[in-house]
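Chain residues, written in single-letter form:
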Amino acid sequence: MWDHEIRAMVSTHALIAASMFMATVLPAVFVEGFSVYRTHLLWLYCASGAVNVVSVVVFWLLGVTPSTKKHTLGYKLSRLFRSCLYFFLSCLFFHTVVVLYGAPLIDSALETFSLAVLLTSLTTMRCLCVLGPNVQAWIRVFSRHGAMSVWDTCLQITVACTLIGAWMGAFPIPLDWDRPWQVWPVSCSLGATIGYLTGLVAAPAWIHYHRKHLTYKCK
């Protein structure tokens, strides 16, 4: 019943994963000494930008993003403004949460905000692509039994995997191993990225396995 949507989902996730791979490999051609560890912030913004651009384009081409064809130019500009505003507010929200969890408040503010940008790119941007700048729809999807499509279910899984990965990435930081990936916020951003990629694989696999039992309420 959901085979078409699952195939589209797999293709979308493959493109997004490929964009993150290219964001890791291509900058090394143009930037001397580029690496995930030594130039971590540069890599972080390259990965965030790649995910944002590819997500917007692919979800728009698939028609997953809520349509605005019947609305005026002013309405479309308003949606664009609200989407940018929500993205920025999400960065501030994640920055605040990370600081409350023990990140340096002042000494590494740039690094902390950069991690917040990555988390926003991997979670909030996907919400904007799938649901649009509609906070009520976001609350619905992340409430119990709130999914109304396979894309909503996929959104739940990928966001959960990303946040769990970022949280687990913080565990090695206080250990006295003196490794380059223990420098703030390398392990958290790598954990979030690994969690996100895991979600890209797990979501369509879980939906395919449970497709006969999936039932969604009408929107």
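Conventions and cut-offs
- Residues numbered from 1 in each chain as written.
- Predicted model: local features only at pLDDT ≥ 70, side-chain atom pairs only at ≥ 80, totals over all residues.
- Heavy atoms only, no water.
- Phe/Tyr/Trp six-rings, centres within 6.5 Å; stacked < 30°, edge-to-face > 60°.
- Helix = DSSP H or I, 4+ residues; strand = E, 2+ residues; numbered from the N terminus.
- Buried < 20%, exposed > 50% of the residue type's maximum accessible area, 1.4 Å probe, protein only.
- Core = buried A, V, L, I, M, F, W, Y, C linked by side-chain atoms within 4.5 Å.
- Contact = heavy atoms within 4.5 Å.
- pLDDT = per-residue confidence, 0-100.
- Axes fitted to C-alpha atoms, helices over the stretch in contact; angles between N-to-C directions.
- Parallel < 35°, antiparallel > 145°, perpendicular 65-115°, else oblique.
- Left-handed = near helix turned anticlockwise from the far one by under 90°.
- Nonpolar A, V, L, I, M, F, W, Y, C, P; charged D, E, K, R; others polar.
- Salt bridge = Lys/Arg side-chain N within 4 Å of Asp/Glu carboxyl O.
- UniProt positions renumbered as here; feature names shortened; annotations may be inferred.

Trainee: What should I look at first to understand the packing of aromatic side chains in this one?
Mentor: In this description, an aromatic ring pair is defined by two values, namely the gap between the centres and the angle between the planes. Scanning the entire structure with this criterion turns up four aromatic pairs. Between F59 and W151 the ring centres are 5.6 Å apart and the planes differ by 75°, which places this aromatic pair in the edge-to-face class. Of this pair, F59 sits in helix α3 (residues 40-62) while W151 sits in helix α8 (residues 150-169), placing them 92 residues apart in sequence. W151 sits in the buried class, given a relative accessible area of 10%. The interplanar angle of 75° and the centroid separation of 5.8 Å between the aromatic rings of Y86 and W138 together place this pair among those described as edge-to-face. Placement of Y86 in helix α4 (residues 73-100) and of W138 in helix α7 (residues 135-141) is noted, with a sequence separation of 52 residues between them. Judged by relative accessible area, W138 falls into the buried class, the value being 16%.

Trainee: Explanation requested: the nonpolar core in the structure shown.
Mentor: Among soluble globular proteins, nonpolar side chains are generally buried collectively. Among the nonpolar cores identified, the biggest contains 47 residues, and F59, L119, L122, L131, W151, Y196 and I207 are the most heavily contacted of them. When contributions to this core are tallied by element, the ones reaching two or more residues are α1 (3-25), α3, α4, α5 (109-122), α6 (124-131), α7, α8 and α9 (186-209). Sort the elements by how many residues they give to this core and α8 lands first, with seven residues. In contact with L119, not counting residues within four places along its chain, are F94, V98, T124, T162, A166 and A192.

Trainee: Mind showing me how you'd approach the confidence of the model for the protein here?
Mentor: Note: predicted coordinates in regions of low pLDDT should not be interpreted at a detailed level. Confidence along the protein averages 89 in pLDDT terms, with 93% of residues attaining 70 or more. Mean pLDDT per element in the protein: helix α2 (residues 27-30) is the minimum at 89, and α5 is the maximum at 96.

Trainee: What exactly am I supposed to notice about the packing of α3 against α5 here?
Mentor: Two packed helices can be described by the angle between their axes and the distance between those axes. Two numbers describe how α3 lies on α5: the axes approach to 9 Å, and their chain directions differ by 20°. When the axes of α3 and α5 are compared, the pair comes out roughly parallel. Along this stretch, α3 crosses α5, giving a crossing that reads as left-handed. Here L41, L44, Y45, S48, V51 and N52 of α3 lie close against α5, whose contacting residues are L110, E111, F113, S114, L115, V117, L118, S121 and L122. Looking at the contact of α3 with α5 residue by residue, the classes come out as ten nonpolar, four polar and one charged.

Trainee: Looking at this model, I keep getting lost on the pattern of salt bridges. Mind explaining?
Mentor: Should their charged atoms come close, side chains of opposite charge can pair. The full count for this structure, using the stated rule, is one salt bridge. D152 is the partner of R140 in a salt bridge, and the nearest nitrogen-oxygen pair spans 3.3 Å. Taken together, the residues R140 in helix α7 and D152 in helix α8 connect sequence positions twelve residues apart. Classification of D152 as buried rests on a relative accessible area of 1%.

Trainee: Any chance you could explain the UniProt feature "transmembrane region" (unreviewed entry) in the protein here in plain terms?
Mentor: Under the UniProt annotation, the feature "transmembrane region" (unreviewed entry) is placed at residues 12-30, 42-63, 84-106, 112-132, 153-171 and 183-207. A distance of 27 Å separates the end C-alpha atoms of residues 12-30, which is 95% helix and 0% strand. Structurally, residues 84-106 is divided into 74% helix and 0% strand, and its ends, taken at the C-alpha atoms, are 26 Å apart.

Trainee: Quick question: what am I supposed to make of the packing of α4 against α6 here?
Mentor: One can describe the packing of α4 onto α6 by two numbers: an axis separation of 10 Å at closest approach and a directional angle of 150°. By the angle class used here, α4 and α6 are roughly antiparallel. For the pair α4 and α6, the crossing hand works out as right-handed. From α4, S83, Y86, F87, S90 and F94 reach across to α6, where they touch T124, M125 and L128. A class-by-class count of the residues in the contact of α4 with α6 yields five nonpolar, three polar and no charged.

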